[in-house]
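# Fold and geometry: a report
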Amino acid sequence: MDQVSVDYPSRPGIIRNVSLHLPAGSFCFVTGPSGAGKTTLLKLMFLGLRPTAGTLQVFGRDVASLSRDQRAYVRSRLGVVFQDFRLIEHMSIYDNVALPLRLAGKDSQGDRDYVRELLDWVGLGDHAQAKPEELSGGQKQRAAIARAVINRPAVLLADEPTGNVDDGIGLKLLRLFEELNKLGTTVVVATHSESLLQRFEYPTLRLKQGQLVDRAPAAGAVAEQERGAL
Ligand SMILES: Nc1ncnc2c1ncn2[C@@H]1O[C@H](COP(=O)(O)OP(=O)(O)OP(=O)(O)O)[C@@H](O)[C@H]1O
Ligand SMILES: [Mg+2]
């Protein structure tokens, strides 16, 4: 992102002049008070929102110049855990989690075994045939995470992925993200959880009222001061 801003007609300055670079294979946290713009920043990253000003590149390409097919391809390489889960209500948990594989044309016995394995791993093996409405908040969150990682995305964007689970499960989920990161997935986790931020020593992007503040020196993720100041 280079000098990226997001304004809504009724609400200017939701994101203000944010410049940052997340190298392929890096891991970082995004934190800040409620309303600071964390979800909005992730929305930019998964092409759910266009910047009002500034330049946004994903996989080295300016998103403003992507064709519809190219945008769809970029989206297919991103795994997103939404703050509000967004599971498909009329589909079983198994089908929700398997969906990204099916969309990619992957439905072999091996693929189906992998869905089962991941469901077991996130503790939902016994709920594979349940509908989302039959699950608790934390169970839905784990289903949303399984769906986001099932197709081994190049980038995983997780919005408060541990907001509804206890510390033990939260830790386990973060370890899953670390495993994916070791295999090359770039990981971005928005979180309020100070205990997660302290336990995992990854670079942290701090947002306040739409601006990046207090940038920790970053080994993996680099947030730049305004370009002109460099
Ligand atoms: N579609 C929209 N139209 C107008 N304002 C919006 C819209 N979406 C978000 N906002 C505003 O943008 C600001 C940032 O919202 P955002 O959801 O990014 O915050 P957040 O840091 O994720 O907060 P939380 O920690 O509560 O999830 C908030 O003030 C919110 O009211
Ligand atoms: Mg949010």
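Residues numbered from 1 in each chain as written. Chains lettered and ligands numbered in written order. Predicted model: local features only at pLDDT ≥ 70, side-chain atom pairs only at ≥ 80, totals over all residues.

### Focus: the overall build of the protein chain
- If you tally the helices and strands in the protein chain, you get seven helices and 13 strands.
- With the C-alpha coordinates of the protein chain rotated into their principal frame, the extents come out at 55 × 40 × 35 Å.
- Within the protein chain, the proportion of its 230 residues that are buried is 36%.
- Put simply, 69% of the contacts in the protein chain that link residues at least 6 apart link residues at least 24 apart. (Helix = DSSP H or I, 4+ residues; strand = E, 2+ residues; numbered from the N terminus. Buried ≥ 20, exposed ≤ 12 C-beta atoms within 10 Å, placed from the backbone. Contact = placed C-beta atoms within 7 Å.)

### As for the sheet that holds strand 12 (residues 211–213)
- Pairing is mixed across the open sheet formed by six strands, whose spatial order is 8-9-10-4-11-12. Lying at the two open borders of the sheet, with one neighbouring strand each, are strand 8 (78–81) and strand 12. Strand-to-strand twist of the sheet, defined as the mean angle between neighbouring strand axes without regard to direction, takes the value 20°.
- As paired strands, strand 4 (residues 27–31) and strand 11 (residues 204–208) are joined by three bridges and run parallel to one another. By the bridge assignment for strand 11, Val30 is matched with Leu205.
- Packing of helix 5 (residues 137–149) onto the sheet brings it into contact with strand 8 and strand 9 (155–159), and relative to strand 8 it is tilted by some 175°. (Pairing = 2+ DSSP bridges. Axes fitted to C-alpha atoms, helices over the stretch in contact; angles between N-to-C directions.)

### A short note on the site of ligand 1
- Close to ligand 1 lie 13 residues; Tyr8, Ser34, Lys38, Thr39 and Thr40 are nearest.
- Taken together, the elements giving at least two residues each to the shell around ligand 1 come down to strand 2 (11–18) and helix 1 (38–45).
- No other element matches helix 1, which puts three residues into the shell around ligand 1.
- The class makeup of the residues in the shell around ligand 1 is three nonpolar, eight polar and two charged. (Near = placed C-beta within 6 Å. Nonpolar A, V, L, I, M, F, W, Y, C, P; charged D, E, K, R; others polar.)

### Observations regarding the sheet that holds strand 5 (residues 53–55)
- One open sheet holds the three strands; their spatial order is 2-1-5, and the pairing between them is antiparallel. Edge positions in the sheet fall to strand 2 and strand 5, since each of these pairs with one other strand and no more. In this sheet, adjacent strand axes meet at a mean angle of 20° when their direction is disregarded.
- Looking at chain direction, strand 1 (residues 2–8) and strand 5 are connected through two bridges and run antiparallel. Within strand 5, the residue paired with Ser5 across the bridge is Ala53.

### A word on the nonpolar core
- Among the nonpolar cores identified, the biggest contains 53 residues, and Val97, Ala146 and Val188 are the most heavily contacted of them.
- The leading source of residues in this core is helix 5, at six residues.
- Beyond its immediate stretch of four places on either side in the chain, Ala146 contacts Val97, Leu118, Leu119 and Val122. (Core = buried A, V, L, I, M, F, W, Y, C linked by C-beta atoms within 7 Å.)

### Quick word on unusual backbone geometry
- Residue Gln3 is not a glycine yet carries a positive backbone phi of 55°.
- Assignment of secondary structure puts Gln3 in strand 1.

### With respect to the confidence of the model for the protein chain
- Of the residues in the protein chain, 93% have a pLDDT of 70 or more, and the chain-wide mean is 91.
- Considering only residues more than four positions removed or in separate chains, one finds that residues 217–230, a stretch of pLDDT under 50, has 30 contacts. (pLDDT = per-residue confidence, 0-100.)

### Quick look at the packing of helix 3 (residues 93–103) against helix 5
- Their axes nearest at 7 Å, the elements helix 3 and helix 5 cross at an angle of 25°. Comparing the axis directions of helix 3 and helix 5 gives the class roughly parallel. Seen along the crossing, helix 3 lies across helix 5 with a hand that is right-handed. Across the interface between the two elements, Ile93, Asn96, Val97, Leu99 and Pro100 of helix 3 pack against Ala143, Ala146 and Arg147 of helix 5.
- When the residues that make up the contact of helix 3 with helix 5 are grouped by side-chain class, the tally is six nonpolar, one polar and one charged. (Parallel < 35°, antiparallel > 145°, perpendicular 65-115°, else oblique. Left-handed = near helix turned anticlockwise from the far one by under 90°.)

### A word on the environment of Leu173
- With respect to the helices and strands, the residue Leu173 is situated in helix 6 (residues 167–182).
- Residue classification places Leu173 among the buried residues on the basis of 22 C-beta atoms within 10 Å.
- In sequence terms Leu173 and Arg142 are 31 residues apart; their C-alpha atoms lie 8.2 Å from each other.
- Residue contacts for Leu173: discarding those within four places in its chain leaves Ile145, Pro161, Thr162 and Val165.

### Let's talk about the packing of helix 3 against helix 4 (residues 109–121)
- Viewed as axis vectors pointing N to C, helix 3 and helix 4 meet at an angle of 130°, and their least axial separation amounts to 10 Å. In terms of their interaxial angle, helix 3 and helix 4 are classed as oblique. Crossing geometry of helix 3 relative to helix 4 is assigned as right-handed. Contacts between helix 3 and helix 4 involve Tyr94, Val97, Ala98 and Leu101 from the former and Asp111, Val115, Leu118 and Leu119 from the latter.
- Classifying every residue of the contact of helix 3 with helix 4 by side-chain character gives seven nonpolar, no polar and one charged.

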